[in-house]
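So the chains spell out like this:
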Amino acid sequence: MAGVGEMLEEIKAKLKEDGELRREFLETRSRKNPIGAFCEKCRQMGYELYEMEVVDAGEEFYAAIKRSANGGGENSPALKGEDDFYELFFADLEP
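Residues numbered from 1 in each chain as written. Predicted model: local features only at pLDDT ≥ 70, side-chain atom pairs only at ≥ 80, totals over all residues. Heavy atoms only, no water.

Colleague: How would you sum up helix α3 (residues 34-44)? Please name residues and give values.
Modeller: Residues separated by three or four positions in an α-helix point in the same direction, a consequence of the helix having 3.6 residues per turn. For α3, the set of buried residues is Gly-36, Ala-37, Phe-38, Cys-39, Lys-41 and Cys-42. Gly-46 lies just past α3 and shows a positive phi near 100°. (Buried < 20%, exposed > 50% of the residue type's maximum accessible area, 1.4 Å probe, protein only. Helix = DSSP H or I, 4+ residues; strand = E, 2+ residues; numbered from the N terminus.)

This is how it looks when you write it as structure tokens:
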């Protein structure tokens, strides 16, 4: 089973090939619950993604990098956006 990061990369690759689907995903950002709408769209494509999985994946990934680079003793906060898979996903799709 693919992890969240791998699923997001697969979805992003599909969106780069399908302009209409890309537009639909970009529109989810204007909804009342944008991450929820985004995850619903992912599930419609067959990717079982839920809000907390997307949020946790970025934080866990960033924490693992910090531990590996600093021996686990690093307590510094993440820089803005470093641990946000959701925002990074869209940053790569914007023209």
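Structure shown, so let's carry the discussion forward.
Colleague: Describe the layout of surface pockets, naming the residues involved and giving the relevant values.
Modeller: The space that makes up the largest pocket amounts to roughly 190 Å³. Looking at the largest pocket, it is lined by 12 residues, and the ones nearest its centre are Gly-5, Glu-6, Leu-8, Glu-9 and Phe-85. Listed by contribution, the elements that provide at least two residues to the lining of the largest pocket are α1 (4-17), α4 (51-70) and α5 (85-93). In terms of residue count, α1 provides more of the lining of the largest pocket than any other element does, 6 residues in total. For the lining of the largest pocket, the residue count by class is 7 nonpolar, 2 polar and 3 charged. (1 Å grid on protein atoms, 1.4 Å probe; cavity = no way out; pocket = protein on both sides within 12 Å on 5 of 7 lines; lining within 4 Å. Points joined across faces, edges and corners; volume = space filled by probe spheres on them. Nonpolar A, V, L, I, M, F, W, Y, C, P; charged D, E, K, R; others polar.)

Colleague: Describe in detail the nonpolar core, supporting the description with residues and values.
Modeller: Core analysis: the largest hydrophobic core is formed by 19 residues, its most contacted members being Ile-11, Phe-25, Phe-38, Leu-49 and Phe-89. Elements with a contribution of two residues or more to this core: α1, α2 (19-27), α3, α4 and α5. (Core = buried A, V, L, I, M, F, W, Y, C linked by side-chain atoms within 4.5 Å.)

Colleague: Describe the environment of Ala-13, and please don't skip the residues or the numbers.
Modeller: Inspection of the secondary structure assignment puts Ala-13 in helix α1. Residue Ala-13 is classed as partly exposed on the basis of its relative accessible area of 41%. Residues Ala-13 and Leu-93, 80 residues apart in the sequence, show an inter-C-alpha distance of 9.6 Å.

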